[in-house]
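What the coordinates show
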Amino acid sequence: MTAKSIQTKPIEGQKPGTSGLRKKTKTFMEPHYLENFIQAIWESIGGVKGKTLVLGGDGRYFNDRAAQVILRMAAASGAKKVIVGQNALMSTPAASNLIRQKKTDGGIIMSASHNPGGPDEDFGVKFNMPNGGPAPEEVTNRMVKATQSIKDYLILEAQDVDLSKRGATKLGDMEIDVVDPVKDYAQLMEQLFDFRAIKGLFEKGFTMRFDAMHAVTGPYAKAILEGRLGAPAGTVVNAEPKPDFGGGHPDPNPIWAKELMDLMMGEEAPDFGAASDGDGDRNMILGRGCYVGPSDSLAVLAANATLAPAYREGLKGVARSMPTSRALDRVAAKRGLDCYETPTGWKFFGNLLDDGRITLCGEESAGTGSDHVREKDGLWAVLLWLNILAKTGKSVQEIMDAHWAEFGRNFYSRHDYEAVDAKKANEMMDALRARLPDLPGTIIHGRTVEAANEFAYDDPVDGSRSEGQGLRVMFEDGGRIVYRLSGTGTVGATLRVYIEDVSDDPESFGDDPQDALADMIAIADELAGIEEHTGRDEPDVRT
Ligand code: G1P
Ligand code: ZN
């Protein structure tokens, strides 16, 4: 087997976004596209010679082919060893765990998260650092630079490696270890949570439905929920990972997990419902007749985490991304915890976790996690909820009622306008940005603007600064509107508008957020001229 140097040229647009490089699958399949980016990853980390990496993906179309290319390129550039999930499958949190546990030099995760998969859909590649977390901007900037000057890449001429069988094998001089992607992760979960209490819950007839959405968490949920925790067979549905996720969007929200949503709102609803996304880092939580918004879920988990063995001693602090609702801040204030506000994207939590400043963190986009790995973790959130339900004996609705009674309620919703003309979206943002300095003190629909600015973040650990992280308008009465353009979309621009309002009136706690926020939603359009600029009179998705 010989390593070949292949001549290539820079390809436009190979710039990782919020979470790695995401493009149409067809783009990734174009000649040299994947190869150029992988070579750029090697450049950005000072080469791969003598290093050990983890490799896995969410099983979407092209996952298996891309894995073979990455293995041949790692071997050609002198990597010592690659630990690969069987059939090239591995959830994002499980990959983060393996990277840490095996003390490797990092890993490559092939996923476009919750975006649909297939030849006409999306694919993605992301590099995670030895701490198990996504590469920080400093590293991704080096990747971008490398893609802009690339002249050649190294790849081994070899047959495919059989990734369907577990065990050690070789590719040229490089060792390959094909591992069960579930085992180590399941063990970690067993250490964190009170499995005995959760088992007891199922023994008493507690019912649950977990929708794996034909994505990577199916095997994990089956092994943990139905295997180790004794939930009845059939608790986990859509458990087989499929290259096109069964034709759906593997995005655990009320729109894309509609079947589960309908079940939970109907007569036959089980006690608890949950779902996770393509690569297993996001989650959705439901009770009988009750949907728990991700920002609320984060606040509830923070308020009750000490019921789980791993967090018994208390939390070091908590963090949320800026657009996430400030329900978490209320918990932190009452419990005397530090609460950090970071830009969107999990990578910003990494430093805070590594530095021991926080234990728990999350985002409004259905991601929650803790210091056990350096990624958000869908099943982890589901298990922490189960642990809390088992220990309190309350239903999900009772937990929510008690939470709002203690902390008040932050009504919250995110409105997404997808595939907007990028130029128009930027014009809208530019116009609003220019007006921000004049907004404080103005009264809109009877509400006074307290502050308005563009969010920038100074990392308290490494001192780095991230600018341009979203436009926000805060009102004196506690309401807030945030506008940002997505960093993960693959077509045009996705405008995200995050709307929040607070209430301490128990009479209102049961209201539907879209109704409770009607006034703020109207203000959001008025302030930015969404319809005027984009031509859209309604968002595509409300979560
Ligand atoms: C979205 C979410 C963000 C999350 C990211 C990766 O990014 O909003 O919270 O970290 O996906 O899952 P965005 O498209 O908004 O840049
Ligand atoms: Zn994901």
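A short tour of the structure in this document, coming up. Keep in mind it's a predicted model, so treat the numbers as computed, not measured.

Details of the overall build of the chain
Helix and strand content of the chain: 18 helices and 27 strands. Rg of the C-alpha trace for the chain: 23 Å, near the compact-globule value of 24 Å for 543 residues, within the 12% margin. The principal-axis extents of the C-alpha atoms in the chain amount to approximately 70 × 60 × 40 Å. Residue burial in the chain is summarised as follows: out of 543 residues, 58% are buried. Put simply, 73% of the contacts in the chain that link residues at least 6 apart link residues at least 24 apart. In the structure as shown, the chain presents an accessible area of about 20900 Å², 46% of it carried by carbon and sulfur atoms.

Considerations on the pairing of strand β26 (residues 493–503)
Summarising burial for β26: 10 of the 11 residues are buried, a large majority. Pairing geometry for strand β19 (residues 409–420) and β26, over 10 bridges, is antiparallel. Each bridged residue has a counterpart across the sheet, and for Arg-409 the counterpart in β26 is Ser-503. With 6 bridges joining them, strand β25 (residues 480–485) and β26 adopt antiparallel strand pairing.

So, helix α13 (residues 378–392)
Given a rise of 1.5 Å per residue, 15 residues ought to cover 21 Å, and the 21 Å separating the end C-alpha atoms of α13 matches this to within 8%. Most of α13 sits inside the fold, with 13 of its 15 residues counted as buried. Measuring from the backbone nitrogen of Leu-379 back to the side-chain oxygen at the start of α13 gives 3.4 Å, which picks out Asp-377 as the cap. At the exit of α13 stands Gly-393, carrying a positive phi of roughly 70 degrees.

Some points on the sheet that holds strand β3 (residues 52–57)
Strand order in the open sheet made by the 7 strands is β2-β6-β5-β3-β4-β9-β8, with mixed pairing throughout. Two strands bound the open sheet, and with one partner strand each, they are β2 (21–24) and β8 (167–171). Across the sheet, the mean angle separating the axes of adjacent strands is 20 degrees when strand polarity is ignored. Inspection of the sheet shows β3 paired to strand β4 (residues 81–89) by 5 bridges, in the parallel sense. Within the sheet, the bridge partner assigned to Val-54 lies in β4 and is Ile-83. Across the sheet, helix α2 (residues 33–44) is in contact with β2, β3, β5 (107–110) and β6 (122–128); its angle to β6 comes to roughly 15 degrees.

Digging into a negative patch on the surface
A surface patch of negative charge is lined by Asp-505, Glu-507, Asp-511, Asp-512 and Asp-515. With respect to the element layout, Asp-505 can be found in the loop between β26 and α16 (513–516).

Observations regarding the site of ligand 1
Residues in close proximity to ligand 1 total 15 residues, the closest being Ser-365, Ser-486, Gly-487, Thr-488 and Arg-496. In the complex, the protein chains occlude 99% of the 380 Å² of accessible area that ligand 1 would expose alone. For the shell around ligand 1, the class distribution of residues is no nonpolar, 8 polar and 7 charged.

Some points on the side chain of Asn-128
As for its position among the elements, Asn-128 is in strand β6. A polar atom in the side chain of Asn-128 sits 3.0 Å from the backbone oxygen of Gly-132. There is a polar contact of 2.7 Å between the side chain of Asn-128 and the side chain of Glu-375. Ignoring anything within four residues of it in the chain, the contact list for Asn-128 reads Ile-99, Gly-106, Gly-107, Ile-109, Gly-133, Pro-134, Ala-135 and Glu-375.

Details of the coordination of the zinc ion (ligand 2)
Around a metal, the idealised angle for a tetrahedral arrangement of four donor atoms is 109.5 degrees; for an octahedral arrangement of six donor atoms it is 90 or 180 degrees. Coordination of the zinc ion (ligand 2) by the protein involves Ser-113 (OG), Asp-277 (OD), Asp-279 (OD) and Asp-281 (OD), with metal-donor separations of 2.0 to 2.1 Å. Counting the intervening residues between successive donors of the zinc ion (ligand 2) yields the motif S-x163-D-x1-D-x1-D. Of this pair, Ser-113 sits in the loop between β5 and β6 while Asp-279 sits in the loop between β12 (272–276) and β13 (283–287), and the two are 166 residues apart along the sequence. Looking at Asp-279, the relative accessible area reads 3%, which means it is buried.

Observations concerning the environment of Val-125
Looking at the secondary structure, you find Val-125 in strand β6. Given the relative accessible area of 1%, Val-125 is considered buried. With residues up to four places along the chain from it excluded, the contact list for Val-125 reads Gly-20, Leu-21, Phe-28, Leu-34, Phe-37, Ile-38, Ile-41, Ile-108, Ile-109 and Ser-111.

Some thoughts on unusual backbone geometry
Phi angles above zero are rare outside glycine, and Ala-88 is one such case at about 60 degrees. Structurally, Ala-88 is set in strand β4.

Considering the pairing of β4
Burial of β4 is extensive: 7 of the 9 residues sit out of reach of the surface. With helix α3 (residues 63–76) bridging β3 and the parallel β4, this β-α-β connection has right-handed handedness. For β4 and strand β9 (residues 174–179), the ladder comprises 5 bridges, and the chain directions are parallel. Note that in β9 the partner of Lys-81 across the bridge is Glu-175.

What to know about the environment of His-32
Here His-32 lies in the loop between α1 (25–28) and α2. Residue classification places His-32 among the partly exposed residues on the basis of a relative accessible area of 27%. Distance from His-32 to Lys-9, taken between C-alpha atoms, is 8.5 Å for residues 23 residues apart in sequence. Setting aside chain neighbours within four positions, we find His-32 in contact with Ile-6, Gln-7, Thr-8, Ile-11 and Tyr-153.

The rules we used
Residues numbered from 1 in each chain as written. Chains lettered and ligands numbered in written order. Predicted model: local features only at pLDDT ≥ 70, side-chain atom pairs only at ≥ 80, totals over all residues. Heavy atoms only, no water. Helix = DSSP H or I, 4+ residues; strand = E, 2+ residues; numbered from the N terminus. Rg over C-alpha atoms; globule rule 2.2 N^0.38 Å. Buried < 20%, exposed > 50% of the residue type's maximum accessible area, 1.4 Å probe, protein only. Contact = heavy atoms within 4.5 Å. Areas by Shrake-Rupley, 256 points an atom, 1.4 Å probe, with all protein chains shown as cover. Pairing = 2+ DSSP bridges. Expected span 1.5 Å × (residues − 1). Polar contact = N/O pair within 3.5 Å; in protein donor to acceptor, adjacent residues only side chain to side chain. Axes fitted to C-alpha atoms, helices over the stretch in contact; angles between N-to-C directions. Patch = residues over 30% accessible without salt bridge, like charges linked within 9 Å, V, L, I, M, F, W, Y side chains within 5 Å. Salt bridge = Lys/Arg side-chain N within 4 Å of Asp/Glu carboxyl O. Lys, Arg positive; Asp, Glu negative; His and termini not counted. Charge placed at Lys NZ, Arg CZ, Asp CG, Glu CD. Near = heavy atom within 4 Å. Nonpolar A, V, L, I, M, F, W, Y, C, P; charged D, E, K, R; others polar. Donors = N, O, S within 2.8 Å, 3.2 Å for Na, K, Ca; no water. Right-handed = clockwise from strand over helix to strand, strands pointing away.

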